[in-house]
Amino acid sequence: MILALEYHRSPARYLAASRLPGRIRSAAVPSLAPLRLTTREAPGKPGPGWVRLRPVLSGICGSDLAMAAGKVSPYLSPLVSMPFVPGHEVVAELIDDAGDGMPVGTRVVMDPVLPCRARGTGPCGPCAEGNENRCDHVNAGRISSGLQTGFCADTGGGWSERLVAHRTQLHRVPESLSSERAVLAEPLACAVRSVRRIDVPRGTSIVVVGAGTVGLLTTLALRELTPAGPITVIARHAGQRRRARALGATETIDPSAALRGLRRITGGSLVRPELGPGYLLGGADIVVECTGGEGLDTALRLVRAGGTVLLSGMPGKAVDLTPAWYRELNIVGSYASRGADDFGSAIDLASHDALAGFVDSVYPLSRWRDALSHALNAGRSGSVKIAFDPQNGDRPAHGEIASAADGTDHLDREGADK
């Protein structure tokens, strides 16, 4: 039997969480979310090529928080199976030999996408083309529905003491890379995929809307992997603005000053309709939406005519698409990552000096409510990435985090990278 944090079907709790006003969400969501800490059977290996993993660290993603807060679109409901164990940003040790030079005990990160190769089907059209993140068989094959590990009832997830993965999902972690850096590999791979979804000519002006984990890592990927020109990051909190500049942002702007600031930077003109917020005539060449909330509406109002809006954050709110029609915008989606190439680049980027201290707090599963509350309040508190240590919350994690002086099971290094 293993300890696991399990998401179960509870429409009443889901709806109650979704109706919370923003100002009390971080305090109330952990009590209302349809999550429970339970003991359950460890997931079995579904078929050939599957191996067992022991999670070392598992991050709390924005999509996990949206799920807990009742903010996920019903569009995705056929693509999950319940009850499932969340956690798709995983650093783990192999319990079984995975082949390809990865024996028992190897430290790995996991590509959570569950395509045809893992399911024993197909290949479907997208998988045959190498676009496994677009797999059409995510509700078929030898495992139950699940767009990713962490949303599939049969695989388990990182918020537990054990999970299973197909060996093609796994990537070895270099000995030189700490687990606190390695747990950033999956969100970094998503950022790499995002910037590879669009053409970024030399000198292109870019705006990144949002400076949580997704926005900050996307800023790094844009600066390191493209010839982008000025990158402006819209960030609500001072700590986010500081980190964005360290990761390559040319300028940072508070959301309340976004229109005026971009008018100054791009030379556009600001117009204001009779109802609703204003927008720019002119604007940035590319705007990347990284909030999963109201950021898309902001992005549509900041991009120039004929420009590109890249959706990197998971959409969560309805938006007026009039600008897309009137301004002939290109709207491009980016989901997960595209396999080994993206993960290879992500693992390389994970050693970047500016990522020091990104994982500043690690919680045991027993303190999951505190962990979710912290993650929901991360921007305001100065944190970026919060993680679980499913094995032992009292021990120091590799390399960058030391145990708290008072012996508590919350390991916190806020400010240690200053």
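The rules behind each value
- Residues numbered from 1 in each chain as written.
- Predicted model: local features only at pLDDT ≥ 70, side-chain atom pairs only at ≥ 80, totals over all residues.
- Heavy atoms only, no water.
- Helix = DSSP H or I, 4+ residues; strand = E, 2+ residues; numbered from the N terminus.
- Rg over C-alpha atoms; globule rule 2.2 N^0.38 Å.
- Buried < 20%, exposed > 50% of the residue type's maximum accessible area, 1.4 Å probe, protein only.
- Contact = heavy atoms within 4.5 Å.
- Lys, Arg positive; Asp, Glu negative; His and termini not counted.
- Charge placed at Lys NZ, Arg CZ, Asp CG, Glu CD.
- UniProt positions renumbered as here; feature names shortened; annotations may be inferred.
- Polar contact = N/O pair within 3.5 Å; in protein donor to acceptor, adjacent residues only side chain to side chain.
- Expected span 1.5 Å × (residues − 1).

### So, the overall build of the protein chain
Here is step 1: For the protein chain, the helix and strand inventory stands at 15 helices and 18 strands.
Here is step 2: For 418 residues, the compact-globule formula gives about 22 Å, and the C-alpha radius of gyration of the protein chain, at 21 Å, lands near that figure.
Here is step 3: Considering only C-alpha atoms, the protein chain reaches an extent of 60 × 55 × 45 Å along its principal axes.
Here is step 4: Burial status across the protein chain gives 55% buried among its 418 residues.
Here is step 5: Sequence-distant contacts in the protein chain: of pairs separated by 6 or more residues, those separated by 24 or more amount to 69%.
Here is step 6: Side-chain charges of the protein chain comprise 46 positive and 42 negative groups, with the mean position of each set lying 5 Å from the other.

### So, the UniProt feature "domain: Alcohol dehydrogenase-like N-terminal" (unreviewed entry) in the protein chain
Here is step 1: Within this structure's numbering, the places UniProt gives as "domain: Alcohol dehydrogenase-like N-terminal" (unreviewed entry) are residues 47-175.
Here is step 2: Structurally, residues 47-175 is divided into 12% helix and 20% strand, and its ends, taken at the C-alpha atoms, are 30 Å apart.

### Regarding the environment of Ala 68
Here is step 1: Topologically, Ala 68 is positioned in helix H3 (residues 62-68).
Here is step 2: Each C-alpha atom of the pair Ala 68 and Thr 219 lies 27 Å from the other, and the pair is 151 residues apart in sequence.

### Digging into the UniProt feature "domain: Alcohol dehydrogenase-like C-terminal" (unreviewed entry) in the protein chain
Here is step 1: The residues that UniProt annotates with the feature "domain: Alcohol dehydrogenase-like C-terminal" (unreviewed entry) are residues 214-350.
Here is step 2: End-to-end, the C-alpha atoms of residues 214-350 are 14 Å apart, and along that stretch the chain is 39% helix and 23% strand.

### Notes on the side chain of Asn 133
Here is step 1: Turning to its location among the elements, Asn 133 is positioned in the loop between helix H5 (125-128) and strand S6 (163-166).
Here is step 2: One polar contact links the side chain of Asn 133 to the main-chain carbonyl oxygen of Tyr 335, over a distance of 2.9 Å.
Here is step 3: Residue contacts for Asn 133: discarding those within four places in its chain leaves Val 113, Arg 193, Tyr 335, Ala 336, Ser 337 and Arg 338.

### Focus: helix H7 (residues 185-196)
Here is step 1: The end-to-end C-alpha distance of H7 is 16 Å, a good match for the 16 Å that 12 residues give at a rise of 1.5 Å each.
Here is step 2: Within H7, 10 of the 12 residues are buried, which leaves the element mostly enclosed by the surrounding structure.
Here is step 3: Within the span of H7, buried status applies to Ala 185, Glu 186, Pro 187, Leu 188, Ala 189, Ala 191, Val 192, Arg 193, Ser 194 and Val 195.
Here is step 4: Against strand S5 (107-110), helix H6 (179-182), helix H8 (213-225), strand S14 (303-311) and helix H13 (340-349) lie the buried residues of H7.

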